[in-house]
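# Architecture at a glance
One letter stands for each residue in the lines below.
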Amino acid sequence: MDMLTFFIVGLGVHLVFFSSIFDIYFTSPLVHGMSPQQVSLPPPAKRLVLFVADGLRADTFYKPDSNLTSRAPYLRSIIEEKGSWGVSHTRVPTESRPGHVALIAGFYEDVSAVAKGWKENPVEFDSVFNESRYTWSWGSPDILPMFAKGASGDHVYTHTYPAEKEDFAAKDASKLDTWVFDEVKAFFNSAKENETLRSRLHEDRIVFFLHLLGLDTNGHAHRPMSRDYVDNVRIVDAGIADLISWFDEFYENDGKTAFVFTSDHGMTDWGSHGAGHPSETLTPLVAWGAGVQSAQTVTAQHFDDNFCQEWKLENIRRLDVSQADIAPLMSSLIGVPIPLNSVGILPLQYLNNSNHFKAESMYANAIQILEQFKVKMTQKKETTLTFLFTPFHLLTDSAQVDFMHDANSLIQQERFDEAITLCNNLIVQAMEGLTYYHKYDRFFLGCSVVFGFVGWTSYVILMILKTHTALRKPPVNRDKISSTPLAGAFVSIALLISWFLLVQSSPWTYYIYCLLPVPVWYSVFKEFGTFISLINSVSSYPLSKLIGFVLIFILGIELLECSVLCIIIYHVFNLQVVSFFYRAMLTLGLLVLAGWPLLSELWAQAKMMSFSWIFGCLFLATFPLMPVVGREPNMNLVSCAAVLTLIMSAWFVWKSKSKAPQRWRASQLYVIQMLHLTLCAYVLNNTHSSLRLKQGLPIFNQLVSWTTLASSFVVPLLSSTHLFQRLLSLFLSLVSTYLLLSTGYEALFPLVLSWLMFVWINIEQETIQFKGTSTRLKLSNIDFSENIDISKIRQLKLDDIRRSYFFVFFIVTAFFGTGNIASINSFDPASVYCFLTVFNPFVMGALMMWKILIPFVIVMCTFETIQVATQLSSKSLFLIVLVISDIMALHFFFLVKDYGSWLDIGTSISHYVIVMSMTIFLMFLSVLAQVVTSKRIHLGGKNKLHFT
C-alpha cells in the first residue's frame, strides 16, 4: 500500500473511531411522540415575563458592595419583600445556547448538539415558548431565532438587533440591554394604537422574553469584577424596575403577571465561561408576582457554602434549583404543558398555590417524564430481537399502571403530600429508566470499536515490521494462509453481521462500527507469516533485554497519558494544589528528556549541543508551571518575545552568512520578514491600547493582521528550500501570526520551542554519527526539494522508536504547553482582538484553533527535517508515531466513564477525543509539513521525492 492510499485509509479509520465516541456517549437524548400533559386547575398567572441576564454571576448579583449597598436595589427589595430567590445550578458546557435550552426547554443539550450550531436547531425540541399561546422576545440574534425556528406555528415573535452590535470593543456594551428595554416600551406604546395586538396581549398563556447580553459582553471585554460589568448590573436592575411599572400600567395592576429573573451561565474572574467552575455554574434566580411564594423569613438555614452570610441574606429563605427545573416552574405559573422533552422537576417551594394545585402539577410532571420513558422503551424494544431484549425492571407495565391508579386515588382522597411524594419517586425511577435505555447499546458498540481499534493497531505494527525492518522473511509458501478460504470466511462474517443489524433495524452508523473490524482483521490475518517471523526474532533476544524494552515503552506511553490526563483535570477543576501536582507531570517529562544526553554518550561527544538541549528542555518545562487562565494581558511580555525573536533571527542570519556567504546571498526576504514581525508587534500593542481607550479596532491594524494570517504559508514558499533557510522563513512567518494572537507569556512559547527543535535536529545528527546508523549528511547542505537517493534509505532501528516517542511528547507539549485547548474556559476573546472584536464564535474559534496548531506545525516540520537528515523513510517513523498515539487513544477509550456527574463523564470522554484529534491532525500536518518544507514558488523547481 503506497503512502497516499495508506493516508486516506488511515484517515477514514480514525474518523470512524473519532465519531464513534459521539454515537456511543453523545447521541441525542430526545424522543418524539409524547402527549402533552395539562393541569385541569386554573393557573395563577395569565402571562410570564422572563428576564435572562446573559453571563451574570450569582455572587456579583447578590453580594453587596463594600459599603453594604446592593448593586441591584430593586431586585433586592423583591427578594426581601415579595418574591423568592435562590441559586440556579447550571451544567457544563456553561455556554449561552445550552443554558437557554435548559431554561426554556427543560433539558440539557448533549455536546454533539451544541457543536452543530448556535443559530439552528440540530434536533427538534419542545419549549415553554412553543407551548404558549404567544411569545414575544427581544435580544440577541444568536439566541432568539433558535426558539422561533423550533416552534410549531407562527406564534413566537422575535425582535433582534444587528449582529454587529455585539462588539467587544464597544464603548458601552450595556447599550445592548437598554436597546431591549427601549424596544419593549415602544412595543407597548404601539399596542395602545393597535387593537389586534392589544387584544392578543390580554389573552392568557403568553410569554415575554427579554435576553440581556450586555453583561456577558462587558464581562468578556473588561472582566466581571470591572466597573463596566458592575455598572451594567445596576443598569439592568433599573431597566427592570422601569419595565415593571409599564406592565402594571398596561395591565392595570390586575395581579396576573409572573416574573422570573435568572442567567444562562456565570463567568470566571478572567472573563470566560464554558467549564464547571462555581463562578460559571452558579447563577441567580429571583421569581415574584402571580402564583409565586413571597419572601419567607427564617432564623437559620443550612447549605454547604457560606453564600447566605456573604450576601447578607441569611434570614431570607433560599431556594436552590437545577437550571432545567425553571422550565416546569414557568409552565405551571401560566398553565401550559411542561415541554415534552423536559427533565426538570417542578420546584414546588416557589409556588404560592393550593396543595391540590401542587399535587396535580407534580402528577403532570411525573406523567410527562414517564411518557418519555415509555417512548424510549418502545423504540428500543422495536429495534432489538425479542430474546435479547432486557427491560428496565423498576418500571414494568404493571408498575406504571399501579402508579397512575395510586396517584389519582391519593389526590381524590386529598392526601396531597403523599401524592407528591409518590410522584417524586416515579420521576426518579423514570429518569433512571431513560438513562438505562439511552445507553442500552453502549457495551455492544464499545466492543465493536475496540475490536476494530486493536485490529488496526496490529495491522500497522505488522506493516512496520514487514516493510521497514530487517525482520527475517519466511519462505514464500511457509506460514502463509490461503487467501481464498480466508476471504470467504471473512465475507461470511460480514454477511452474518449485516443480517443481524438488518433484523434489528439498526442505524446505518452501526453497520460502519460493526463491519469495519472485518476488513481490518482480514488484512491482519493475511500477514500471518510476518507474525511468525516476529515470534522467531523475539525468541532470539535475551529475556532480560526484552522485558526491559517493553517496560520502558509502557512507561513512556503512561507518561504521555498522565500528562494529557492530568492537564485536562487541571483545566476542568482549576484547583491550585491539584493543578501544581498535575501540571508538573508534563514538566517532569521534560526534565527526564533533559537528562537524555547525560544518560547516553552524547555528553562526551557533543558537550555544547548537550548543554543547549538541557537548557532548552528546562526553559520549556517552565511553561506548564505558569498560570493557564486568570491572567491579565501583558503586552510587555509579547513585545519581549518579538525582540528576542528578532535578535535570534538576526544573529542566526549573520552567523550563517559568515560561514556560507554564497548560500545566504539572497537574504532580503528574511530582512523583510523581520521588519514585518516588528510591524506585527506594533499592531498588537496599538490595538490593545486603542481598545483600552475604547476607541475601537483600527482598520489598518485589522488589515495587517488578516494579511499576516493569509500570507503565513505563502511567504515561506518564496524562500530557498535549503534546510536552515526554509526553517528560518517558516519560523518568522509563524511567530508573526502567533504574536498577533497572544496576550501574555505564551508569546515566548514558540520561541523557546523552536530553539529546542533546532537543537534536536542537530543533536540527532550527532547521534547518527556516533552510532553509525547511516551516512551523516551535513545539515547546511540538505535541500528539501532535491530527489533523495533511494538506495541510501535505511531500515528502522530501536533508536527510531525513541525518536518517535520524543516527537509524540513534543506534540503533547505543543498542545498543552500554554493551556489553550484542554478546557473551553481557556478561551480568551482578547486573543483575537487584532482580527475582530464583533462576536463571531466560528471565526474566533477558527483563529484560536490556528493559534493552537502553530506549535504543532513547528514540531511537525522539525520531525520532517529529522526524517530527511537521518535518511529514514517518512512513512516508517510516522507509522511508529501512529502506533503510539493509537495505544494512548485505546487506553483512554477504556477509561471513559458512564457514571458519576455529567462533568466527570464529559472529562473522561474529552481525554479520548483530544488524543484522537491529535492523531487525525498529525496525518494532515504530516502532508502539510512536506509541502511547506519542499515546495517553492518559482518556475523550473525540482519536486522533492519523499521516502516510501
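Residues numbered from 1 in each chain as written. Predicted model: local features only at pLDDT ≥ 70, side-chain atom pairs only at ≥ 80, totals over all residues. Heavy atoms only, no water.

### Comments concerning the overall build of the chain
The secondary structure content of the chain amounts to 36 helices and 8 strands. Considering only contacts in the chain between residues 6 or more positions apart, those separated by 24 or more positions represent 80%. Carbon and sulfur atoms provide 62% of the accessible area of the chain, an area that totals close to 39,000 Å². (Helix = DSSP H or I, 4+ residues; strand = E, 2+ residues; numbered from the N terminus. Contact = heavy atoms within 4.5 Å. Areas by Shrake-Rupley, 256 points an atom, 1.4 Å probe, with all protein chains shown as cover.)

### Let's talk about the nonpolar core
Residues F17, W456, W613, W760, F807, F810 and Y912 are the most contacted members of the largest nonpolar core, which totals 148 residues. It is helix α34 (residues 841-869) that provides the largest number of residues to this core, a total of 17 residues. Beyond its immediate stretch of four places on either side in the chain, F807 contacts W760, V859, M860, F863, V881 and L922. One finds A45, L48, L103 and F125 within the second-largest nonpolar core, a separate group that totals 66 residues. (Core = buried A, V, L, I, M, F, W, Y, C linked by side-chain atoms within 4.5 Å. Buried < 20%, exposed > 50% of the residue type's maximum accessible area, 1.4 Å probe, protein only.)

### What to know about the sheet that holds strand β2 (residues 83-89)
Strands in a sheet are paired, the pairing made by backbone hydrogen bonds, and the direction either parallel or antiparallel. Spatially, β4-β3-β5-β1-β6-β7-β2-β8 is the arrangement adopted by the 8 strands of the open sheet, whose pairing is mixed. Single-partner strands in this sheet number two, and they are β4 (156-160) and β8 (321-322). Across the sheet, helix α3 (residues 73-81) is in contact with β2, β6 (257-262) and β7 (282-289); its angle to β7 comes to roughly 70°. (Pairing = 2+ DSSP bridges. Axes fitted to C-alpha atoms, helices over the stretch in contact; angles between N-to-C directions.)

### Considerations on the pairing of strand β3 (residues 134-139)
The buried count for β3 comes to 6 of 6 residues, which makes it a mostly enclosed element. As judged from the 5 bridges shared by β3 and strand β5 (residues 206-212), these two strands associate in the parallel manner. The residue of β5 that forms the bridge with W136 is F208. Both β3 and β4 contribute to a ladder of 5 bridges, which runs parallel. Looking at the pairing, G139 lines up with T160 of β4.

### A few points about the side chain of H211
If you trace the backbone, H211 turns up in strand β5. You can call H211 buried: its relative accessible area is 0%. Within the structure, H211 has its side chain in polar contact with the side chain of D54 (distance 2.9 Å). H211 has contacts with V52, D54, H100, W138, G139, S140, I143, L144 and V180, leaving out every residue within four places of it along the chain. (Polar contact = N/O pair within 3.5 Å; in protein donor to acceptor, adjacent residues only side chain to side chain.)

### A short note on the side chain of T865
Its location among the elements puts T865 in helix α34. Using a relative accessible area of 0% as the deciding quantity, one classes T865 as buried.

### Side note on helix α8 (residues 175-193)
An ideal rise of 1.5 Å per residue puts 27 Å on 19 residues; α8 measures up with 27 Å between its terminal C-alpha atoms. Where α8 is buried, its residues touch β3, β4, α9 (195-201), β5, α10 (214-222) and α11 (227-250). (Expected span 1.5 Å × (residues − 1).)

### Side note on the environment of H100
Position of H100 relative to the elements: it lies in helix α4 (residues 96-105). Judged by relative accessible area, which is 0%, H100 ranks as buried. Distance from H100 to H211, taken between C-alpha atoms, is 9.8 Å for residues 111 residues apart in sequence. Not counting chain neighbours up to four residues away, the residues in contact with H100 comprise V52, D54, A105, I143, M146, F147, F209, H211 and D264. Separated by 2.8 Å, the side chain of H100 and the backbone oxygen of S96 make a polar contact.

### A word on the environment of S649
Assignment of secondary structure puts S649 in helix α28 (residues 635-659). Since its relative accessible area comes to 1%, S649 is described here as buried. For the pair S649 and V671, spaced 22 residues apart in sequence, the C-alpha to C-alpha distance is 9.3 Å. Sequence-distant contacts of S649, that is, excluding residues within four places in its chain, are made with M674, L728, F731 and L732. Here the side chain of S649 touches T645 through a polar contact of 2.7 Å, landing on its backbone oxygen.

### Describing a nonpolar patch on the surface
Together, L588, L591, V592, F611, F615, L618 and F619 make up a nonpolar patch on the protein surface, roughly 610 Å² of accessible area in all. At the level of elements, α24 (576-594) and α27 (607-621) are the ones that each hand at least two residues to the nonpolar patch. Ranked by residues supplied to the nonpolar patch, first place goes to α27 with 4 residues. Here L591 shows up in helix α24. (Patch = residues over 30% accessible without salt bridge, like charges linked within 9 Å, V, L, I, M, F, W, Y side chains within 5 Å. Salt bridge = Lys/Arg side-chain N within 4 Å of Asp/Glu carboxyl O.)

### As for the packing of aromatic side chains
Under the defined criterion, the tally for this structure stands at 60 aromatic pairs. Measuring from ring centre to ring centre gives 6.2 Å for F611 and F615, while their planes differ by 15°; the resulting arrangement is stacked. Residue F611 and its partner F615 are both found in helix α27; the two are separated by 4 residues, about one turn of the helix. Between F619 and W755 the ring centres are 5.6 Å apart and the planes differ by 40°, which places this aromatic pair in the tilted class. (Phe/Tyr/Trp six-rings, centres within 6.5 Å; stacked < 30°, edge-to-face > 60°.)

Note that all results are geometric; they support no functional claim without further evidence.
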